[in-house]
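The residues making up each chain are set out below.
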Amino acid sequence: MEENLVIVESPAKAKTIERFLGKNFLVKSSFGHIRDLSKKNLGIEIENNFKPLYEVSPDKKKVVSELKKLAGKAKTVWLASDEDREGEAIAWHLAEALNLKEKNTKRIVFHEITKGAILKAIETPRTINQDLVDAQQARRVLDRLVGFELSPVLWRKIKPSLSAGRVQSVAVRLLVEREREVIGFKSVSSYKVTANFDVTSDKGKTSTLKADLPKRFKTKKQTLEFLEKCVGADFEIVDITMKPAKKTPSPPFTTSTLQQEASRKLSFSVGQTMSIAQKLYEAGLITYMRTDSVNLSDTALAAAKAEIEESYGEKYVKTRKYKTKIKGAQEAHEAIRPTYLSNHKIKGSSAEQRLYDLIWKRTIASQMSDAKLEKTNVSINISAATEKFVATGEVLIFDGFLKVYIESTDEERESGDSESKTLLPPLKVGQNLAPQDITATERFSHHLPRYTEASLVKKLEELGIGRPSTYAPIISTIQKRGYVIKEDRPGKERDYNFIVLKNDKIKAAKKTEIAGTEKSKLFPTDIGMVVTNFLIDNFKDVMNFNFTASVEKEFDEIAEGKVDWTKMIEKFYSPFHARVEDTIENSEHNNGLRILGKDKETGKTVSVRIGRFGPMVQLGDAEKKDENAKKDENAEKPQFASLKQGQLIETITLEDALALLQNNSNGRLLGDDPKTGKQIFVRVGRYGPMVQLGENNTDKKEEKPRFASLRKGQDVDTITLDEAIDLFKLPRPLGDYEEAEVIAGVGRFGPYVRHKSKFYSIKPLDPMQVTLAESIEIIDKKRKADKERIIKEFPDNDTVVVMNDRWKKPCVYYKKKYYRVPVDTDPETLTVKDCLKLVGADVTKVKVKAKPKAKAKPKAKTKTTIKAKAKTTAKKITKK
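Residues numbered from 1 in each chain as written. Predicted model: local features only at pLDDT ≥ 70, side-chain atom pairs only at ≥ 80, totals over all residues. Heavy atoms only, no water.

**Student:** How should the overall build of the protein chain be read in this particular structure?
**Tutor:** The secondary structure content of the protein chain amounts to 21 helices and 34 strands. Here the protein chain holds 880 residues, and 46% of them are scored as buried. Nonlocal contacts in the protein chain, meaning residues at least 24 apart in sequence, comprise 68% of its contacts between residues at least 6 apart. Approximately 49,300 Å² of the protein chain is accessible, and the part contributed by carbon and sulfur atoms is 50%. (Helix = DSSP H or I, 4+ residues; strand = E, 2+ residues; numbered from the N terminus. Buried < 20%, exposed > 50% of the residue type's maximum accessible area, 1.4 Å probe, protein only. Contact = heavy atoms within 4.5 Å. Areas by Shrake-Rupley, 256 points an atom, 1.4 Å probe, with all protein chains shown as cover.)

**Student:** For this particular structure, what's the right way to read helix 1 (residues 11-18)?
**Tutor:** Every α-helical turn comprises 3.6 residues, leaving residues that sit three or four positions apart pointing alike. By the burial criterion, the buried members of helix 1 are Lys13, Ala14, Thr16 and Ile17. Axial view of helix 1: buried residues confined to an arc of 165°, hence all on one face. For helix 1, the elements touching its buried residues are strand 1 (4-8), strand 2 (25-29), helix 4 (115-123) and helix 9 (270-282). (Arc of directions from axis to C-beta.)

**Student:** I keep staring at the pattern of salt bridges and nothing clicks. Help me out?
**Tutor:** A side chain with one charge may pair with a side chain of the opposite charge, provided their charged atoms come close. In total, this model carries 46 salt bridges according to the counting rule given. We note a salt bridge from Lys215 to Glu387, for which the minimum N-O separation is 3.9 Å. Taken together, the positions of Lys215 in the loop between strand 10 (206-212) and helix 7 (220-230) and Glu387 in the loop between strand 12 (371-382) and strand 13 (388-398) put the pair 172 residues apart, joining distant regions of the chain. We classify Lys215 as partly exposed; its relative accessible area is 43%. With relative accessibility at 15%, the residue Glu387 sits in the buried group. Counted as one network, the salt bridges with shared partners bring together Glu9, Lys13, Asp82, Asp84 and Arg290. (Salt bridge = Lys/Arg side-chain N within 4 Å of Asp/Glu carboxyl O.)

**Student:** I tried to follow the sheet that holds strand 29 (residues 750-755) on my own but got confused; where do I start?
**Tutor:** The pairing of strands in a sheet comes from backbone hydrogen bonds and takes either a parallel or an antiparallel form. Read across the open sheet, the four strands follow the order 27-28-29-30; overall the sheet is antiparallel. Whereas interior strands pair on both sides, the edge strands pair on one side only; in this sheet they are strand 27 (732-737) and strand 30 (758-761). When the angles between neighbouring strand axes are averaged without regard to direction, this sheet yields 30°. Direction of pairing for strand 29 relative to strand 30: antiparallel, over a ladder of four bridges. (Pairing = 2+ DSSP bridges. Axes fitted to C-alpha atoms, helices over the stretch in contact; angles between N-to-C directions.)

**Student:** Help me out: how do you make sense of the sheet that holds strand 1 in this one?
**Tutor:** Read from one edge to the other, the open sheet built from four strands follows the order 2-1-7-8, with strand pairing classed as parallel. At either margin of the open sheet sits one strand with a lone partner, and together these are strand 2 and strand 8 (105-107). Adjacent strand axes in the sheet meet at a mean angle of 25°, parallel and antiparallel pairs treated alike. Relative to strand 8, strand 7 (residues 76-79) runs parallel, the two being bridged by three bridges. Each residue of the ladder has a partner; that of Val77, found in strand 8, is Thr105. On top of the sheet, helix 2 (residues 61-73) reaches strand 1, strand 2 and strand 7; it is set at about 165° to strand 2, its chief contact.

**Student:** Whenever I open this one, the packing of aromatic side chains confuses me. Can you help?
**Tutor:** Aromatic ring pairs are reported here in terms of the distance separating the ring centres and the angle at which the planes meet. Taken as a whole and assessed by the stated rule, the structure comprises 16 aromatic pairs. Aromatic pair Phe235 and Phe389: ring centres 6.4 Å apart, planes at 50°, arrangement tilted. Residue Phe235 is found in strand 11 (residues 235-247), and its partner Phe389 is found in strand 13; the two are separated by 154 residues along the sequence. We note that Phe235, like Phe389, is buried. (Phe/Tyr/Trp six-rings, centres within 6.5 Å; stacked < 30°, edge-to-face > 60°.)

**Student:** Can you walk me through empty space enclosed by the protein in this structure?
**Tutor:** A water-sized probe, rolled over the atoms, reveals where empty space remains. Under the criterion given, the structure shown has two cavities of 30 Å³ or more. If you add up the space inside the largest cavity, you get close to 100 Å³. The wall of the largest cavity is formed by Phe148, Glu149, Pro152, Arg156, Val580, Glu581, Ile584, Trp807, Lys809 and Arg820. Counting only elements with at least two residues in the lining of the largest cavity, the list comes to helix 5 (130-157) and helix 16 (565-586). Looking at the lining of the largest cavity element by element, the count peaks at four residues for helix 5. Estimates place the volume of the second largest cavity at around 60 Å³. Taken together, 14 residues line the second largest cavity, and the ones lying closest to its centre are Ser169, Val172, Tyr483, Val531 and Leu535. Going through the elements one at a time, helix 6 (168-184) and helix 14 (526-538) are the ones with two or more residues in the lining of the second largest cavity. (1 Å grid on protein atoms, 1.4 Å probe; cavity = no way out; pocket = protein on both sides within 12 Å on 5 of 7 lines; lining within 4 Å. Points joined across faces, edges and corners; volume = space filled by probe spheres on them.)

**Student:** Help me out: how do you make sense of the confidence of the model for the protein chain in this one?
**Tutor:** Predicted coordinates in regions of low pLDDT should not be interpreted in detail. Here the protein chain averages 87 in pLDDT, and 90% of its residues register 70 or above. Counted against residues more than four places away or in other chains, residues 624-628, with its pLDDT under 50, gives zero contacts. Here residues 861-880 is modelled with pLDDT under 50, and outside its nearest four sequence neighbours on either side it reaches two contacts, counting other chains as well. (pLDDT = per-residue confidence, 0-100.)

**Student:** Please explain the environment of Ile514 as it appears in this structure.
**Tutor:** As for its position among the elements, Ile514 is in strand 17 (residues 505-515). When its relative accessible area of 52% is taken as the criterion, Ile514 is described as exposed. C-alpha separation for the pair Ile514 and Arg494, spaced 20 residues apart in sequence, amounts to 6.1 Å. If we ignore the near neighbours within four places in the chain, the residues touching Ile514 are Gly491, Lys492 and Glu493.

**Student:** What's the story with the packing of helix 8 (residues 255-266) against helix 12 (residues 453-463) in this structure? I'm lost.
**Tutor:** Interhelical geometry of helix 8 versus helix 12 gives an angle of 160° and a closest axis separation of 8 Å. Looking at the two axes, helix 8 sits roughly antiparallel to helix 12. Crossing of helix 8 against helix 12: the hand is left-handed. Taken together, the residues of helix 12 that come into contact with helix 8 (itself represented by Ser256, Gln259, Gln260 and Ser263) are Ala454, Val457, Lys458 and Glu461. Residues that form the contact of helix 8 with helix 12 fall into these classes: two nonpolar, four polar and two charged. (Parallel < 35°, antiparallel > 145°, perpendicular 65-115°, else oblique. Left-handed = near helix turned anticlockwise from the far one by under 90°. Nonpolar A, V, L, I, M, F, W, Y, C, P; charged D, E, K, R; others polar.)

**Student:** Sorry, what's going on with the packing of helix 8 against helix 9 here?
**Tutor:** Geometry of a packed helix pair, given as the angle between the helix axes and the separation of the axes. Closest axis-to-axis distance for the helix 8/helix 9 pair is 9 Å, and the angle between their directions is 115°. With respect to the hand of their crossing, helix 8 and helix 9 are arranged in right-handed fashion. Across the interface between the two elements, Thr255, Leu258, Gln259 and Ala262 of helix 8 pack against Val270, Thr273, Met274 and Ala277 of helix 9. The residue makeup of the contact of helix 8 with helix 9, split by class, is five nonpolar, three polar and no charged.

**Student:** Help me understand the pairing of strand 28 (residues 740-747) in this model?
**Tutor:** If a strand is regular, its side chains alternate between the two faces of the sheet. For strand 28, the tally of buried residues reaches seven of eight residues, placing the bulk of the element in the interior. Pairing geometry for strand 27 and strand 28, over five bridges, is antiparallel. The partner of Pro733 across the bridge, within strand 28, is Ile743. From the end of strand 27 to the start of strand 28, which pair antiparallel, there are two residues, and Glu738 there has a positive phi angle of about 55°. Sheet topology note: the strand 28/strand 29 ladder contains six bridges and is antiparallel. Within strand 29, the position partnered with Val742 by the bridge is His755. Adjacent in sequence and paired antiparallel, strand 28 and strand 29 are bridged by two residues.

**Student:** Looking at this structure, how should I read a positive patch on the surface?
**Tutor:** Together, Arg612, Arg748, Lys763 and Arg806 make up a positively charged patch on the protein surface. Counting through the fold element by element, Arg748 comes out in the loop between strand 28 and strand 29. (Patch = residues over 30% accessible without salt bridge, like charges linked within 9 Å, V, L, I, M, F, W, Y side chains within 5 Å. Lys, Arg positive; Asp, Glu negative; His and termini not counted. Charge placed at Lys NZ, Arg CZ, Asp CG, Glu CD.)

**Student:** Is there a simple way to think about the environment of Asp239 in this case?
**Tutor:** Locating Asp239 in the fold gives a position in strand 11. The sequence separation of Asp239 and Asn377 amounts to 138 residues, and the corresponding C-alpha distance is 8.1 Å. With residues up to four places along the chain from it excluded, the contact list for Asp239 reads Asn377, Val378, Ser379 and Val429.

Right, dumping it as structure tokens:
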């Protein structure tokens, strides 16, 4: 029997802590969260004061069972999950799920995994902080309510399978608004003038002095007029000013600043940074990595001072105590730092070593002296002009913290611009300068930079949206949902004017540069822009930056015990739910449809919209059709074409759309099929990109062409003939299950398997590689899910069923349509008559299913019957 059981979240953390505790302690891991809101219905009893309905995750049942046994044998259970709100909630869930008694349960927290910190925590335990738990519960419940209520609205009004989140949708809005600023930006050119002068010292040594004209000219004409004034002019130094300056180190890392700097210096994604930092923390190498505090403990300050004195000398020491400027900072009580500053290097992967090195340098630099500089400005007079050239230089007098660390920035500069300051040659007032050359370069104003992951985190923090533990999930979620893509985009060639004055002669030339190159930037997709537009139009409060930030403040107040979390949820939910209901009933379908104009040749409407398979242009048939109208078999079908990379619904022109349609009308010829000799094309159809075997023809007697959808990752611009031929191998038989064949294929809704005339989606599996075993698992899982949707069936009437719809709302299913059950009605109490009244059917005309008649006893087989059957069997064998 173990005297003490310590429970932490991760095995790595457990292994590290176990080294510091004696034999009387058994350290086990919960492997993260063990419970979450139930996925059945909403997982929240709204009418019961928003009571959360928690359930143990299926993959954690074995873990919980083992921990429960060990807890039952231990005298004391120590809950040692992380010290933030999420960690507090994990401790609370453990206590609830394991049925721990309060007198035998102790909560311990620490911000670093060192022997001293762990033993101190054991000496100073506390109880679970219910206020912190409630703050985390409020966040989880609010996010579930928003997600579960908003997502179905998007499914109905825009496109199936979309989802929305309280914070994620606001983050996408930031990207969409920045993209619109970029699209609407009109670049303006101006001319930057730079002069290079020969400077000769008293000893006869010649060096170059570079000086810029502070003023920029708007036109080429103005620039030429200025350069003409400089022909034969005298250039004299009229003023030299020198001023002392200093640079101060940045504070030690918070979660946000670590994510930003790791992105700039190491090219790590936000998620990658947090994953590596988690490993460093669990290995006892750094302090807790989810924090918005810049404070360092007295122990850390003393260690930093000793390390700096030993490594660099006493003059490099300057102890600093930073204060957190962010309101509501609460995640932890110290900045991210190495646990032992004497460890300059660590063992581990290359990524772990690089991130640790960054943290170590930033921590040490924060406690070092300012860098001292001397800045010099030199003013140069032009005899024939009123303008003056200015040269600037910078001399580093004392390097201070720069000896260890220089912080990066997100600023983007024009090509040709530089911020570097150089050491100036010896100069004096009244000195005449001889120009080597004077150049004027046409430069262009630049739009605000698109967001990187790092700069988006910075913006979210500035607006008070999210907290240290949520930045990485926000950014990964918006990318997974397809609202945002992170990628590099090549620049485009741009001509610019270049004018040079040399030897009193002016020459003008055209030069070319690459402009607009984007590296690792976040771009909103078409669907991201359409969803954002819809949410802003219909849910202004949820999409408001100030509202989202105010919700975070309310979470902080709950954590401080100032606000009841259920009242906070109630205040939000009532108007929000009413708005959801109103939007479902009254708002128009919005798939981003834009009418671009008419095609001159056909007179048909050209439009662009979100289709089932992404953004597409369409020729003809753009209007919404009456569902009850009879289908015209002879009506000409519309043409489709997918948008290319970089093209957006909001900006594509009629000319671009017609070009796409023209390229797609006949498709791209890939080659001939070696078996049939028929041509194979690739193009975009109504249901997405596809390959076509055989040409289109109007003769009904001729064999129709065959079609096959492209697989995930394939593109109409890059697919090869061999890849296209492989697609016609589908549908592919996999084998038998329940005495029926299972077939894999690709249809209008993506990859599937077919079994007993029913189709089952196999996304994201490849239909060319999916196995029979995988297919059977998918079939059984879908059957089970369908069965769980059924709330009530009626044996004497199979025309109606009470079941949950795709949005997990109770409905009556009647004649292939769903009818929502009123909120105040218990669906399990409905009768057949209740259901029929709800759907508006005439109760008297609905027939009740007759009870099946008892089966007659089978007749005894006669000799004649047996002989006849034997003959039939013999014939079949002969044929085979």
